[in-house]
Amino acid sequence: MKVFLIGYMGSGKSTVGRKLAERLGMAFLDFDEFIERKTGKTISRIFESQGESGFRALEHQYLREILGTEDVVISLGGGTPCFNNNMELINTSGTSVYIETGVDTLAGRLIKAKRKRPLIQGMDETELRSFIKTNLEKREPFYRQAQYSVSAGSLNVEQMADAIAALLR
Ligand code: S3P
């Protein structure tokens, strides 16, 4: 079994993914970290040197590389499902779960966590909120192709992991 967690930046994919993997007795892989290990560069550096399109090409290449892995929970990058036909690859190779999170929650989290995220670096609160709103609207059609959706709402990490584990049972 292979479980992909998808959702916007700041939706908690990595934190929930770690917890979920523990619950299911599976390995955990953070896809951004995997790309950083493989390239020996941070995500920000890749954006700086190769631009977003260069990053998307690498992301696609490394996604293909991890598709052969089994018994793993994988937290993907926020944009991974939305480019290069990746969502189709994801759905044909494993089970996908969309962590649905509202704009206000995302903005509140991301304002404190912009530094490592090149797409939103340097934005003030107003710019960030409006960017998230527009960008999320573009991305939702991809996220909605996930086999399962979990609404984060007021659930904490433990409760999210429980809710997803219950869906997968
Ligand atoms: C991105 C999300 C990031 C990372 C890159 C681009 C995006 O991952 O892959 O900065 O396009 O939403 P997280 O969702 O883990 O922050």
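For the structure, check the block above.
Residues numbered from 1 in each chain as written. Predicted model: local features only at pLDDT ≥ 70, side-chain atom pairs only at ≥ 80, totals over all residues. Heavy atoms only, no water.

A. Summary view of the nonpolar core. Grouped together as the largest cluster of nonpolar side chains are 36 residues, with contacts concentrated most on Tyr8, Phe31, Leu63, Ile74, Leu76, Leu110 and Ile132. The set of elements that each furnish at least two residues to this core consists of β1 (2–6), α2 (31–39), α3 (43–66), β3 (72–75), α4 (86–93), α5 (103–110) and α6 (125–143). Per element, the largest residue contribution to this core is eight residues, and it comes from α3. Ignoring sequence-local partners within four residues, the contact set of Phe31 consists of Glu59, Tyr62, Leu63, Ile66, Ile74, Ser75, Leu76, Gly77 and Thr80. Among the nonpolar cores identified, the runner-up in size contains 16 residues, and Leu20, Val73, Val97 and Met160 belong to it. (Core = buried A, V, L, I, M, F, W, Y, C linked by side-chain atoms within 4.5 Å. Buried < 20%, exposed > 50% of the residue type's maximum accessible area, 1.4 Å probe, protein only. Helix = DSSP H or I, 4+ residues; strand = E, 2+ residues; numbered from the N terminus. Contact = heavy atoms within 4.5 Å.)

B. Geometry of the sheet that holds strand β5 (residues 148–151). Spatial ordering of the open sheet is given by β2-β3-β1-β4-β5, a layout of five strands whose pairing is parallel. The open sheet terminates on both sides in strands that have one partner only, identified here as β2 (27–30) and β5. Averaged over all neighbouring strand pairs, the angle between strand axes comes to 20°, with direction disregarded. Here strand β4 (residues 95–100) runs beside β5; their pairing, made up of four bridges, is parallel. (Pairing = 2+ DSSP bridges. Axes fitted to C-alpha atoms, helices over the stretch in contact; angles between N-to-C directions.)

C. Local environment of the site of the ligand. Around the ligand sit 13 residues in total, of which Lys13, Asp32, Arg56, Arg117 and Arg139 are the nearest. Backbone polar atom of Gly78 to an oxygen atom of the ligand: 2.8 Å apart, as the coordinates give it. Coverage of the ligand by the protein chains reaches 95% of its 390 Å² of free accessible surface. Element by element, the count of residues in the shell around the ligand is highest for α3, at three residues. Here the residues of the shell around the ligand sort into five nonpolar, three polar and five charged. (Near = heavy atom within 4 Å. Polar contact = N/O pair within 3.5 Å; in protein donor to acceptor, adjacent residues only side chain to side chain. Areas by Shrake-Rupley, 256 points an atom, 1.4 Å probe, with all protein chains shown as cover. Nonpolar A, V, L, I, M, F, W, Y, C, P; charged D, E, K, R; others polar.)

D. Examining helix α7 (residues 157–168) more closely. Compared with an ideal rise of 1.5 Å per residue, which puts twelve residues at 16 Å, α7 spans 17 Å between its outermost C-alpha atoms and is within 8% of the ideal. For α7, the set of buried residues is Met160, Ala161, Ile164, Ala165 and Leu168. Relative to the axis of α7, the buried residues are bounded by an arc of 130° and lie together on one face. Buried residues in α7 make contact with β1, α1 (13–24), β4 and β5. Where α7 begins, the side chain of Asn156 points an oxygen toward the backbone nitrogen of Glu158, at a separation of 3.1 Å. (Expected span 1.5 Å × (residues − 1). Arc of directions from axis to C-beta.)

E. Up close: the packing of α1 against α7. One way to put it is that α1 packs onto α7 with a least axis distance of 9 Å and a crossing angle of 55°. Between α1 and α7, the interaxial angle falls into the category oblique. Where α1 crosses over α7, the two elements pack in a sense that is right-handed. Listed contacts from α7 to Thr15, Val16, Lys19, Leu20, Arg23 and Leu24 of α1 are Val157, Glu158, Met160, Ala161, Asp162, Ile164, Ala165 and Leu168. Across the contact of α1 with α7, the residue classes break down as nine nonpolar, one polar and four charged. (Parallel < 35°, antiparallel > 145°, perpendicular 65-115°, else oblique. Left-handed = near helix turned anticlockwise from the far one by under 90°.)

Read these as geometric descriptors, not functional statements.
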